[in-house]
Amino acid sequence: MSERLSVFKTYKLFVGGKFPRSESGRVYEVTDSKGKWLANAPLSSRKDARDAVVAARKAFGGWAGATAYNRGQILYRVAEMLEGRRDQFVAEVADAEGLSKSKAAAQVDAAIDRWVWYAGWTDKIAQIVGGANPVAGPYFNLSTPEPTGVVAVLAPQESSFLGLVSVIAPAIAVGNTVVVVASEKAPLPALSLGEVLATSDVPGGVVNILSGRAAEIAPSLAAHQDVNAIDLAGADAELSKALQIAAADNLKRVLRPQAVDWSADPGTDRMTAFLETKTVWHPTGSLGAGGSAY
């Protein structure tokens, strides 16, 4: 029996719930920590970034308008599907980060647990950051959180999966849609995550994943008038400065890069970073002699 040829996987972008190749037709080589070739990944262009923003904006209304409980169910479904493909992600993370199988497994397990953790927060975050405000007058004054909109996310460069999940999940848990620029040197776990999202209950366009050079893609996202916020988790100091200047020109909300231990308790900061507060006043009516307005 002749030896069979391996069937190599073709990685593609994830935009609008579909898997296009880069508009430019370009790819780049992805290698492991020892320089061994793993795959060719799409080298996204600025046109790909613009297409991803269009898809994210189109999906925003439905996703933001879904009930928080429903979003939690959908995030939990993603965790279920990741659990079913655990071995694949362990292998990809091990290759991407040069980890042993046991350490890579710990990273993947933590990432799955993080999806579950954020799924549980979807219908609770409003109780933490919203509430009824005491006012001097016959009014109800209620503050409620609302998603910011389309968020561009530069995924962490070193943590190819746990860090990736830690920046995507909080943004979409509170109703935003995202355009993610995956780790340039280790994009394969991110592109495989797109396959999971496509076969889960996450609506197309809620998460859009691009691979390539952040320095090429991110400036157009920072300057894009239809991107409402940007998370610079994976930007170096030079790129971060340029992106902050571009974002300031159109008044984007910016989450600056900072040293993060992705394995630590994430807290609620990355959810509240991309929430706006809406305050509503409602008259209660004039109090009568009996102390009642009705």
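Let us look at the structure shown here. (Residues numbered from 1 in each chain as written. Predicted model: local features only at pLDDT ≥ 70, side-chain atom pairs only at ≥ 80, totals over all residues. Heavy atoms only, no water.)

Our next topic: the overall build of the protein chain. In terms of helices and strands, the protein chain carries 10 helices and 10 strands. Computed over the C-alpha atoms, the radius of gyration of the protein chain is 21 Å, within 12% of the 19 Å expected from 2.2 N^0.38 for a compact globule of 294 residues. Its C-alpha atoms give the protein chain principal-axis dimensions of about 95 × 40 × 35 Å. Evaluated residue by residue, the protein chain yields a buried proportion of 46% over its 294 residues. (Helix = DSSP H or I, 4+ residues; strand = E, 2+ residues; numbered from the N terminus. Rg over C-alpha atoms; globule rule 2.2 N^0.38 Å. Buried < 20%, exposed > 50% of the residue type's maximum accessible area, 1.4 Å probe, protein only.)

A few words on the nonpolar core. Looking at soluble globular proteins, one finds that nonpolar side chains tend to be buried together. The biggest cluster of nonpolar side chains holds 64 residues, and the ones touching the most others in it are Trp115, Phe161 and Ile168. Ile168 has contacts with Trp115, Val178, Val180, Leu193 and Val207, leaving out every residue within four places of it along the chain. (Core = buried A, V, L, I, M, F, W, Y, C linked by side-chain atoms within 4.5 Å. Contact = heavy atoms within 4.5 Å.)

Let us look at the sheet that holds strand S7 (residues 207–210). In any sheet, the strands associate via hydrogen bonds between backbone groups, in a parallel or an antiparallel arrangement. Strand order in the open sheet made by the five strands is S7-S6-S5-S8-S9, with parallel pairing throughout. Both outer strands of the open sheet, S7 and strand S9 (253–255), are each paired with one neighbouring strand and no more. On average, each strand axis in the sheet is tilted by 15° relative to the strand beside it, whichever way the strands run. Where strand S8 (residues 229–231) meets S9, three bridges bridge the pair, whose relative direction is parallel. Bridged to Asp231 within S9 is Leu255. Those strands touched by helix H1 (residues 46–65) are strand S5 (150–154), strand S6 (177–181) and S7, and its axis lies near 155° from that of S6. (Pairing = 2+ DSSP bridges. Axes fitted to C-alpha atoms, helices over the stretch in contact; angles between N-to-C directions.)

Here we take up the pattern of salt bridges. The full count for this structure, using the stated rule, is 14 salt bridges. Between Arg86 and Asp87 there is a salt bridge, and its shortest N-O distance comes to 4.0 Å. Residue Asp87 is classed as exposed on the basis of its relative accessible area, which comes to 61%. Because the salt bridges share partners, they merge into one network encompassing Lys9, Arg85 and Glu195. (Salt bridge = Lys/Arg side-chain N within 4 Å of Asp/Glu carboxyl O.)

Glancing now at the side chain of Ser220. Residue position: Ser220 is located in helix H8 (residues 214–223). Note on Ser220: relative accessible area 19%, which makes it buried. Excluding its chain neighbours within four sequence positions, the residues that come into contact with Ser220 are Arg46 and Ala49.

As a further point, take the sheet that holds strand S4 (residues 139–147). Across the sheet, three strands lie side by side as S3-S4-S10; this open sheet has antiparallel pairing. Of all strands in the sheet, those with a lone pairing partner are strand S3 (131–132) and strand S10 (275–283), marking the two edges. The pairing of S3 with S4 spans two bridges and is antiparallel. The residue of S4 that forms the bridge with Ala132 is Leu142.

Turning next to helix H7 (residues 188–198). Most of H7 is tucked away: nine of the 11 residues are buried. Within H7, burial applies to Leu188, Pro189, Ala190, Leu191, Ser192, Leu193, Gly194, Val196 and Leu197.

We note that Leu251 has phi near 60°; this positive angle belongs to a residue other than glycine. The topology assignment puts Leu251 in the loop between helix H9 (237–249) and S9.

What follows deals with the packing of aromatic side chains. According to the stated counting rule, one finds six aromatic pairs in the structure shown. Judged by centre distance (5.7 Å) and plane angle (80°), the rings of Tyr139 and Trp281 are edge-to-face. A residue pair is termed long-range when its members are at least 10 positions apart, and Tyr139 in strand S4 and Trp281 in strand S10 qualify at 142 residues. According to the relative accessible area criterion, Tyr139 is partly exposed, its value standing at 39%. Ring pairing ties together the aromatic residues Trp117, Tyr118 and Trp121, which thus form one cluster. Over the ring of Phe60 we find Arg57, and its NZ or CZ is 5.6 Å from the ring centre. (Phe/Tyr/Trp six-rings, centres within 6.5 Å; stacked < 30°, edge-to-face > 60°. Lys NZ or Arg CZ within 6 Å of the ring centre and 35° of its normal.)

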